[in-house]
Structure formats: structure tokens, C-alpha cells
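# Coordinates in review
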Amino acid sequence: MGNFQKHLELAKEKLKAATDAFHMKQNTVVGDLGTKVVEQLVEAAAAMDNEHFGDHQSRHEYSNKNFPDEVNKAMRKIWFAYGDLGYDGVNGKRAKEVIDNLRIIISFFEKRFGVKIHE
């Protein structure tokens, strides 16, 4: 099973790197790391339920069952932006959308976990 604290620390580290990359206009990095932040937060939540996932489909199913629509919508936008930023070239607008949606997700998980994720 996953370890809540480990997944939380990984999410924090990847969030900081994604934010730094955004400020340096490294847009494809923002898309990649934004996806990884979401994955680690889902895994952290699952760890609280003694669950662990090794694939995207399981994370999506868990998210759809356990998180509000607003959060799932923000997650989907990040997952779709990853493809656009990673494969279709750099786009600062899409990178900003990733950061904006991460704010929604981070706010939700900070309340859910009762801990500060974004410093």
C-alpha cells in the first residue's frame, strides 16, 4: 500500500518544480509536472484508504468516486493539457491553465488533508 506522507511530500516537491518551471516559461515541464502532482495527490488520498494504484485508469476511477466534480474537472484539464504541452509544442496559455487548475486541486486537498501543500 502507498504511504500518505511520502505521496504528499512528492506532490509538494513536484508542485514547487511546476511553479518554478511556469515562472521560467518552461511550459512543457509545467504540463508534465502538473500531471505528476495530481497523481501524487490521488495516491496520497488513496493511501488514507489503504489503497494504491499503478495505472492511470485506476486513479481516474478512484477520483471520480471520491472527489467533487469541480476537482475532477480540474484534474481532467491538467491531464489533457499535458498532451497539448508535451506533444503539440509550447503554449504559455495552456501552461497557465495547468497552474490555475492546480490551485483548485491544491485548495481541495489542503482542506481534505488538513495540511499546507503549497508554500
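Remember, predicted model here, so these are calculated numbers, not experimental data. (Residues numbered from 1 in each chain as written. Predicted model: local features only at pLDDT ≥ 70, side-chain atom pairs only at ≥ 80, totals over all residues. Heavy atoms only, no water.)

### Looking at the overall build of the protein
- Each helix and strand in the protein was counted, giving five helices and zero strands.
- Sequence-ordered secondary structure for the protein, helices as α and strands as β, is α-α-α-α-α.
- Taking all 119 residues of the protein together, 42% fall into the buried category.
- Pairs at least 24 apart in sequence give 65% of the contacts found in the protein among residues at least 6 apart.
- In the structure as shown, the protein presents an accessible area of about 6,600 Å², 50% of it carried by carbon and sulfur atoms. (Helix = DSSP H or I, 4+ residues; strand = E, 2+ residues; numbered from the N terminus. Buried < 20%, exposed > 50% of the residue type's maximum accessible area, 1.4 Å probe, protein only. Contact = heavy atoms within 4.5 Å. Areas by Shrake-Rupley, 256 points an atom, 1.4 Å probe, with all protein chains shown as cover.)

### A few points about the nonpolar core
- With 31 residues, the main nonpolar core has Leu41, Phe67, Met75, Ile105 and Phe109 as its most contacted residues.
- Every element with two or more residues in this core is listed here: helix H1 (4-23), helix H2 (27-48), helix H4 (69-87) and helix H5 (92-113).
- Sorting elements by how many residues they give to this core places H5 first, with nine residues.
- Residues within four places of Phe109 in sequence aside, it is in contact with Leu41, Ala45, Phe67, Met75, Gly114 and Ile117. (Core = buried A, V, L, I, M, F, W, Y, C linked by side-chain atoms within 4.5 Å.)

### Brief notes about helix H3 (residues 56-66)
- Of all the residues in H3, the buried ones are Arg59, Tyr62 and Ser63. Taken around the axis of H3, the buried residues stretch over an arc of 100°, which confines them to a single face.
- Two or three places before Gln57, at the start of H3, stands the capping residue Asp55, its side-chain oxygen 3.1 Å from that residue's backbone nitrogen. (Arc of directions from axis to C-beta. Polar contact = N/O pair within 3.5 Å; in protein donor to acceptor, adjacent residues only side chain to side chain.)

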